[in-house]
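Here's the letter readout for the chains.
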Amino acid sequence: MSLFVGSIDIMEIQTSGRPIDTLLEKVLCMNILSSDYFKELYRLKTYHEVIDEIYNQVDHVEPWMTGNCRGPSTAFCLLYKFFTMKLTVKQMHGLLKHSDSPYIRAIGFLYLRYVADPKTLWTWYEPYIKDDEEFSPGSNGRMTTMGVYVRDLLLGQILSLDFHYGVRVERRSHLCHQFV
């Protein structure tokens, strides 16, 4: 729910209303909550501290670590940390426009994909559909643009593609279909 206190800057993002423990696949959620890394994130108290952690630690936005250790990725632990913080509109704009790391931006888009009211997604995503910043969202090193990544998150919703790197994503309504 939005909280209006006189300024859009302190309004919370309009959400789907789902509890945070139901936003991600149950196995991923349980692994995040029990991971040592996520427990270390309790020390981070501010939005800016979490952004600094993303900048220093995230090199892909897949849900799981790569290699033999199949725990939750740092990106998804930090995404869940943001879930617990209930980001404001101003903070979200800060993530989506951040110039220091594409992973900061990608986590912002993921936050919206999982948390935001489906009716608001196009409003958030539309300015970035043609964004040409290049990055590698996966651990395989394959490059894409932020615009293609955003489009794929949005189309995944519209076409009911329920997986983001092997993790179930809640099906959303077709409300954004008219804009694509």
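Our subject is the structure listed above.
Residue positions are given per chain, counted from 1 along the sequence in the order it is written. With the structure being a predicted model, the display of local features is reserved for residues of pLDDT at least 70 and the display and counting of side-chain atom pairs for 80 or more, all residues being used for whole-chain, interface and lining totals. The basis for the side-chain values is all heavy atoms of the structure; hydrogens and waters are excluded.

Novice: It is not clear to me how the packing of aromatic side chains should be interpreted in this structure. Could you clarify?
Specialist: The geometry of an aromatic ring pair is captured by the separation of the ring centres together with the interplanar angle, meaning the angle of the planes. Side-chain rings of Phe, Tyr and Trp (the six-membered ring for Trp) are treated as a pair once their centres are within 6.5 Å; stacked means planes under 30 degrees apart, edge-to-face means over 60, and tilted covers the remaining angles. Tallied over the entire structure, the rule returns 11 aromatic pairs. Ring centres of F38 and Y80 lie 5.6 Å apart, and the angle between their planes is 80°; this geometry places the pair in the edge-to-face category. Taken as a pair, F38 in helix 2 (residues 36-40) and Y80 in helix 4 (residues 74-85) lie far apart in primary sequence, 42 residues in all. Residue classification places Y80 among the buried positions, given a relative accessible area of 3%. Aromatic side chains F76 and Y114 sit 6.1 Å apart centroid to centroid with 85° between the ring planes, which places their arrangement in the edge-to-face category. Highlighted residues: F76 in helix 4 and Y114 in helix 6 (residues 102-115), separated in sequence by 38 residues. Each member of the pair, F76 as well as Y114, is classed as buried. Chaining the aromatic ring pairs together yields one cluster made of F38, Y42, F76, Y80, F83, Y111 and Y114. In this description a helix means any DSSP run of H or I spanning at least four residues, a strand means any run of E spanning at least two, and both kinds are numbered starting from the N terminus. Here's how the labels work: a residue is buried when its accessible area is under 20% of the maximum for its type, exposed when over 50%, partly exposed in between, all with a 1.4 Å probe on protein chains only.

Novice: Can you help me understand helix 5 (residues 89-96) in this one?
Specialist: Residue pairs spaced three or four apart in an α-helix point in one direction, given the helix's 3.6 residues per turn. Among the residues of helix 5, V89, M92, L95 and L96 are the ones counted as buried. Each buried residue of helix 5 sits inside an arc of 115° when the element is viewed along its axis, so together they form one side. Lining the buried residues of helix 5 we find helix 3 (47-57), helix 4, helix 6 and helix 7 (121-125). Arc definition: it is the arc formed by the directions from the helix axis to the C-beta atoms. Contact definition: two residues touch when any of their heavy atoms are within 4.5 Å.

Novice: Before we go on, may I ask you to explain helix 6 in this structure?
Specialist: Relative to the 20 Å expected for 14 residues at 1.5 Å per residue, helix 6 spans 20 Å between its end C-alpha atoms, a close match to the ideal helical length. Counting buried residues in helix 6 gives 14 out of 14 residues, a clear majority hidden from the surface. Think of a polar contact as two N or O atoms within 3.5 Å of one another; within protein, one of them needs to be a possible hydrogen donor and the other a possible acceptor, and neighboring residues in sequence only count if both atoms come from side chains. Capping of helix 6 at its N-terminal end is provided by S101; its side-chain oxygen lies 3.1 Å from the backbone amide nitrogen of Y103. One less than the number of residues in a helix, times 1.5 Å, gives the span that helix is expected to have.

These figures capture arrangement, not role.
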